[in-house]
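The residues making up each chain are set out below.
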Amino acid sequence: MSVQELSYTIAGMSCGHCKAAVTEEVEQVVGVDAVEVDLDSKRVVVRGKNVSDDDVRAAIREAGYEAA
Ligand SMILES: [Cu+2]
């Protein structure tokens, strides 16, 4: 089991609602322990174990956004 830190840039995030929507979806991905969203830089940092990059991207899409 390896602890990972994955980061994404989501250009379409602009407010607290976006932040909440992305956090809520990504937190549900298997293996995810923590999700940090920084609206200023449009960055999302995901920490966890054996997290699937594809699953995180799918969750971001599910929330209505697209990871760069
Ligand atoms: Cu928003």
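These lines cover the structure that appears in this document, whether it is placed above or below. Keep in mind the model is a prediction, meaning the values are calculated, not measured. (Residues numbered from 1 in each chain as written. Predicted model: local features only at pLDDT ≥ 70, side-chain atom pairs only at ≥ 80, totals over all residues. Heavy atoms only, no water.)

Some remarks on the sheet that holds strand 2 (residues 32-38)
Here is step 1: The strand order 1-3-2 describes an open sheet built from 3 strands, whose pairing is antiparallel. Two strands close off the open sheet at either side, each with one partner strand: strand 1 (3-9) and strand 2. Recorded for the sheet is a direction-independent mean angle of 15° between the axes of neighbouring strands.
Here is step 2: Across 6 bridges, strand 2 lies against strand 3 (residues 43-49) in antiparallel orientation. If you follow Glu-36 over to strand 3, its bridge partner there is Val-45. (Pairing = 2+ DSSP bridges. Helix = DSSP H or I, 4+ residues; strand = E, 2+ residues; numbered from the N terminus. Axes fitted to C-alpha atoms, helices over the stretch in contact; angles between N-to-C directions.)

Observations concerning the pattern of salt bridges
Here is step 1: Overall, the coordinates contain 5 salt bridges when judged by the stated rule.
Here is step 2: Here Glu-5 ties to Arg-47 by a salt bridge, and the two come within 2.9 Å at their closest N and O atoms. With Glu-5 in strand 1 and Arg-47 in strand 3, this residue pair connects regions lying 42 residues apart in the sequence.
Here is step 3: The salt bridge involving Asp-33 is made with Lys-49; its shortest N-O contact spans 3.5 Å. (Salt bridge = Lys/Arg side-chain N within 4 Å of Asp/Glu carboxyl O.)

What to know about the coordination of the copper ion
Here is step 1: Those donors, Cys-15 (SG) and Cys-18 (SG), are the protein atoms that reach the copper ion, and they lie 2.0 to 2.1 Å from it.
Here is step 2: Overall, Cys-18 belongs to the buried group, its relative accessible area being 5%. (Donors = N, O, S within 2.8 Å, 3.2 Å for Na, K, Ca; no water. Buried < 20%, exposed > 50% of the residue type's maximum accessible area, 1.4 Å probe, protein only.)

Here's the deal with helix 2 (residues 53-62)
Here is step 1: Of all the positions in helix 2, only Val-56, Ala-59 and Ile-60 are classed as buried. Here the buried residues of helix 2 occupy an arc of 100° about the axis, which is enough to place them on one side. More than 90 degrees from the buried face of helix 2, the exposed residues found are Asp-54 and Glu-62.
Here is step 2: Among the structural elements, strand 1, helix 1 (16-26) and strand 3 are those in contact with the buried residues of helix 2. (Arc of directions from axis to C-beta. Contact = heavy atoms within 4.5 Å.)

Remarks on unusual backbone geometry
Here is step 1: Despite not being glycine, Lys-42 shows a phi value in the positive range, around 60°.
Here is step 2: Tracing the backbone shows Lys-42 in the loop between strand 2 and strand 3.
Here is step 3: For Asn-50, which is not glycine, the phi dihedral falls at a positive 50°.
Here is step 4: Residue Asn-50 is classed as partly exposed on the basis of its relative accessible area, which comes to 46%.

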